Each structure stands twice: as C-alpha cells, then as structure tokens.
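Residues per chain are reported as follows:
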Amino acid sequence: MNNLKIKANNLPESPGVYIMKDSDKNIIYIGKAKILKRRVSQYFMVSQKHSDKVRKMVSNIEDFDYIITDSEFEALVLECSLIKRYRPKYNILLKDGKGYSYIKVTNEEWPRILYVKQRIDDGSLYFGPYINSFYVKNLVEEVVNIFKLPTCSRNFSKVKSRPCLNYYINKCVSPCLGNMSVKEYRLLIDEAISFIKNGSSNTIEYLSREMIKASESLNFEKAASIRDRIKSIKSVIKEKQKVVSNRVKDQDIIAIAINKQKASIHVFRFENGNLYDTENFIFDSFDDEVSLRTEFIKRYYDVKDYVPKNITLDGTIENVDLIKKWIYKVKGKNVKILVPSRGDQFKLVQMCKSNAYEVFHYDSDNSDFSLLEDLKNLLSLDTIPLYIEAYDISNLQGSDNVGGMVVFNNMKPLKSEYKRFKIKSIDHQDDYNSIREIMSRRIKNYRENKTSGSGFGKLPDLILVDGGYGQVSAAKEIFASENMYVPIFGMVKDNKHRTRAITTHNKEINISKNQKLFSFITRVQDEVHRYTIGYHKGLRSKRVKGSMLTNIPGVGKKRANLLLKKFGSIRNISLASVKELLFVEGITKPCAESIYDYFKKLNKD
C-alpha cells in the first residue's frame, strides 16, 4: 500500500485514465480523472467516506497503470472504450440483453396464448420475432384479458372441475366448467389470433358484424358476450391513446431507488409521448447515488442503438457537459439532460422511482416500502412519500421562538439534513405566522439551491407539521402564494400529548387502524418535537446564562458569549483564575479581575 501511495503521489497533474490491476495482473477497475494525481491518490488514503465497494476494490489492487490524455473529454472516451473491451470486475457492466420475444399459440386441443423468449419446433403457432419484449408482454396480457382466456394449466378435456377465482371475477370463460365445446373455444382463440394479426380496428369491425348476426338470430346471450368483448377492446384502445407527456414526446426517464445495500435503477422509454419500453437493473454495491447514476448512463447508452433527444433524471450527475459531448461523439445525437423539480415531468420521474422501489416491495426483508405505500393511499398522494420533512414550533410565552425541521428518507431519520430556524419576524407566541415564516424561508432556500438537487435544493414528497388545521392552512397558504405544490398534512395530538391522527386543512384522517403506520407517524412527531425543543432549551439556557454574566461590570453580551464559548458553563467561568480568563479573546485585565471578584463574592455569600 505504501508503494502504491508513493506511485500515486508521483502521477502527473494531467487528465487521463487509470487502470487498476490485481495480483494476477487482471484489470479490475478502469476510471478517468481530470487530474490523475489527485484522483488516484484518494484511493490510497484512509477515509471514512470510502464505500464498501471501494474498500474491497482497493484491498485487491496490486498495481496500476495510467494513460495521459490531452483533455478530460478524451479521458472519458478512452475510459468507455477500455471498459467495453476489458469489462473490469468493479466497473458497472451492462449489456443490451433484450433478445427477441415471441407470441406462442400452443399446439393443444385447448390452445393457450403465451409470451415466450424462444421459438422451438413443437408444432405451435408463433408470431414474431419482436425486439420489444415490453410490447409483447402487454399485447399477450391484453389478448388474455379481452377474450377472457384461461391462464391456468388445467386439462379441460376432463370432467367438470371447480373454477378458480378468475371465473368469479369475470376474467375467464372457464372451460373447466364444461360450459363450452372445443369448437367454441377454438373460435374464441381464432378471434384472439385475428386481434394479434390485424389489430384492434379490424377486430372490432369483425366482432360488430358477428354481434349483429347473433342479435338477428335472437341469440342475445352470444350478442351480449361479443358486445362486452368489443367494449374491452375499445377500453384498451382508449388507455393506449392516453398521452402521458404532451410536452416531451421522445425521452428516457431514469430513476434510482436505494434500499439498504442495494440499488435499483428503473428506465422508462417514451416515444411520441407514450411509454413503449421499461427496464430495471439491480446493483449490490455502489459508491454513492451521483456516481452510480453517472456510471449507469455511460454504460447504458454505450450499449443502446437508440438514444432519445431528452434524458430525464431524478438527480444530478457528474460532468454533465462531458457526458452530453460523449453521447454526441459515439451516437451522433445531441441530447438534453434534465432534472425536473415540478410539473408533469417531475411526476413521471416519481412514477419511475416508484417502479424502481417496486423491486424491493417483493423482498421479504423489506416492509418499509409497503408501509409508505399505505401512507400514500391513505393520504391520496400522487407518489410514494420516500422523502418526508416534518416541522415543529417551540417557544416559552413567545420568547426564544424557534422552529425545527427533521427529515425521514425511506422511513429512516436523515440527521445530516435536519435544520433549525430562529423565528425573526415574530416576538410573541404565534404558531401560524411562525409556520408561514419557516415555509417562506424553505421555499427561498429551495430556489437558491435547486441546482444541487440535495438538501434544501430538493422538495420533499410530503410535509408534516406538528399541529392541526391552523398550522396546515398556514403552510399551504405560503406554497400556494408561490405557485408551488407539496402535499402538507398535520400531526394531531390528544389531550395527553400523544399522537392521535393526521389532519388536512379541514378534516382528520384516522391512522389508528394501521398500527405500524401509527407507530411511524408517532416516531416522526416525537423526533421533530425532541429536536425543536432541544434547540429552544439551548437558546433559553444560553440567554439565561448570558443575562447573568452581563450583570458583571465590564461584561456585555458579546463578552458573555465569548466566555460561554470558551468555558462551556457558568460554573467553569466561576472557577477560572484571572490568568485563565485573560485567554479569552476581548477580555482585558480589568475585566478579568471584575469577573473573578464577582464570582468570589458570590461564592462567599
């Protein structure tokens, strides 16, 4: 390690690519740097900021090579080329493994329609190949739902059997009941095949003719069944025609979800405003969210043939201009990289993020996501509230009026983002106007820092204020006046100061029925109260101590604060000698003697 440190410290201060190798000379990591010496040296310094992935990689480094380039952009191009060639163990590696997809109509007495990834010589009817697996899966699902085809593996040639749930919810024609012949079932399959081959419009025309024939033959039951089928097809068409984003027609949306030590990256791909494909990638180890997002974009578009004009992200990336320049070089496409903070685009990003979290939803070790989903449904929110801010006010008869903000990210306290507010505009007890001041300052800070995408530079998914209708209305009023929207609710306590319910500006929402959710809201309310009242008590204690010191001749407010900062408490000041007091900035000898004599007399009395 010492040899590696020395070698790193002797690197040139130039842009370039560094190549890490293990004891067998295998390349285990490739990276690029604006300044090689600074970047590579960081790996061999003891740092608490290193992720587990970096620590593990560094422990396996036996040597490294480097290549100097003329610019950071050339380093980026070379880095991507070398990663693609050598596929190092500790770099993010992706491949466009979509392959081909098929629709299969099985060769059975009672055929089934399936989505498959391989075509085999088994006598079945195949449609395809299709490149877009997302489209094929959706089409098969539509066909099965419209024509109410069975999805089970029962043998319908046997005697009648008890139907499954799909029969009772009218999602299957249930041939298991013996209520239709093979001929009737095959006619239904033929209709479904026609839908696959000819599309919805031709199928509706054909079914409409069949419905009229059945009606004219007085077979009203069959006519009603065909009518329902036409209705289902029209419903699917209507759903497909919904344009998700009118403003940005062609774009990729990329969002990250992090749970414990895993990261899930979800991609929505839009064409003409409609979602045409989705992908998900899981990573067991990563450095941090920004570097993961940056590395993912480089690897993702390195293997993709098509790059849209717009790439919309849920957070910032490193070297955004370099990335855009690199995409143009390797794909010949000028792109815009956006991080929306409001409006329809922001809602789409949140929807993508929710889908990224959905991967963790089915993990038996993870209950946080489902609980937040319960909270979303209970409060009728547009998105799952992954990032929550909670606020409280504290004062003593209007003095030392303060506010506190705590943050819960994925249901965990994020103490690095806690904030304290000293109320400036109010010198008496007025919780409503105190909330108004805090929210105004919050919005101002957001606008000043929104390019960072973190801390005050991002808006929460949900704001909770300690209080009832009045506090909620005051907070909503400020956001409305600034033409901004964040869901805001209050946390109401009972007469014993225990959490009772969540409130909007005009009604209460009972949370006692969901014990886990009730416990979480209680925890948030207790935490913001603890943090805020702690700040209030600290200020009050400092003021009381300061007022005692200012009774001493020659000691004003400034000197009192300097004394408390140096000694930490009144007791320590009272025990200090004149010589020790003189070490405090701004304390003269006459002042030090005055302080010493004051406490000497006080202790004697």
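Owing to the predicted nature of the structure, the values given are computational and were not obtained by experimental measurement. (Residues numbered from 1 in each chain as written. Predicted model: local features only at pLDDT ≥ 70, side-chain atom pairs only at ≥ 80, totals over all residues. Heavy atoms only, no water.)

**Things to note about the sheet that holds strand E1 (residues 16–21)**
Moving on, step 1. Spatial ordering of the open sheet is given by E2-E1-E3, a layout of three strands whose pairing is antiparallel. What marks the edges here is a single partner per strand, and that holds for strand E2 (27–33) and strand E3 (63–68). Neighbour-to-neighbour, the strand axes of the sheet open up by a mean angle of 20°, direction not taken into account.
Moving on, step 2. Across six bridges, E1 lies against E2 in antiparallel orientation. Across the sheet, Met20 pairs through a bridge with Tyr29, a residue of E2. (Pairing = 2+ DSSP bridges. Helix = DSSP H or I, 4+ residues; strand = E, 2+ residues; numbered from the N terminus. Axes fitted to C-alpha atoms, helices over the stretch in contact; angles between N-to-C directions.)

**Concerning empty space enclosed by the protein**
Moving on, step 1. Under the counting rule described, the total for this entry stands at three cavities of 30 Å³ or more.
Moving on, step 2. Put simply, the largest cavity is a space of about 50 Å³.
Moving on, step 3. At three residues, the largest contribution of residues to the lining of the largest cavity is made by helix H3 (residues 52–59).
Moving on, step 4. Counted by class, the lining of the largest cavity contains five nonpolar, no polar and two charged residues. (1 Å grid on protein atoms, 1.4 Å probe; cavity = no way out; pocket = protein on both sides within 12 Å on 5 of 7 lines; lining within 4 Å. Points joined across faces, edges and corners; volume = space filled by probe spheres on them. Nonpolar A, V, L, I, M, F, W, Y, C, P; charged D, E, K, R; others polar.)

**Considering the pattern of salt bridges**
Moving on, step 1. This structure, assessed with the given rule, holds 23 salt bridges.
Moving on, step 2. The closest approach of N and O atoms between Glu79 and Lys298, which form a salt bridge, is 2.9 Å. You can see Glu79 sitting in helix H4 (residues 72–86) and its partner Lys298 sitting in helix H9 (residues 289–303), a full 219 residues away along the chain. One exposure class covers both Glu79 and Lys298, and it is buried.
Moving on, step 3. The closest approach of N and O atoms between Lys353 and Asp314, which form a salt bridge, is 2.7 Å. Here Lys353 is found in helix H11 (residues 343–361), whereas its partner Asp314 is found in the loop between strand E10 (310–313) and helix H10 (320–331), with 39 residues between them in sequence. Neither Lys353 nor Asp314 differs from the other in exposure class; each is buried.
Moving on, step 4. Look at the salt bridges and you will find they share partners, linking Glu79, Glu295, Lys298 and Arg299 into a network. (Salt bridge = Lys/Arg side-chain N within 4 Å of Asp/Glu carboxyl O. Buried < 20%, exposed > 50% of the residue type's maximum accessible area, 1.4 Å probe, protein only.)

Interpretation in functional terms is not warranted from these geometric data alone.
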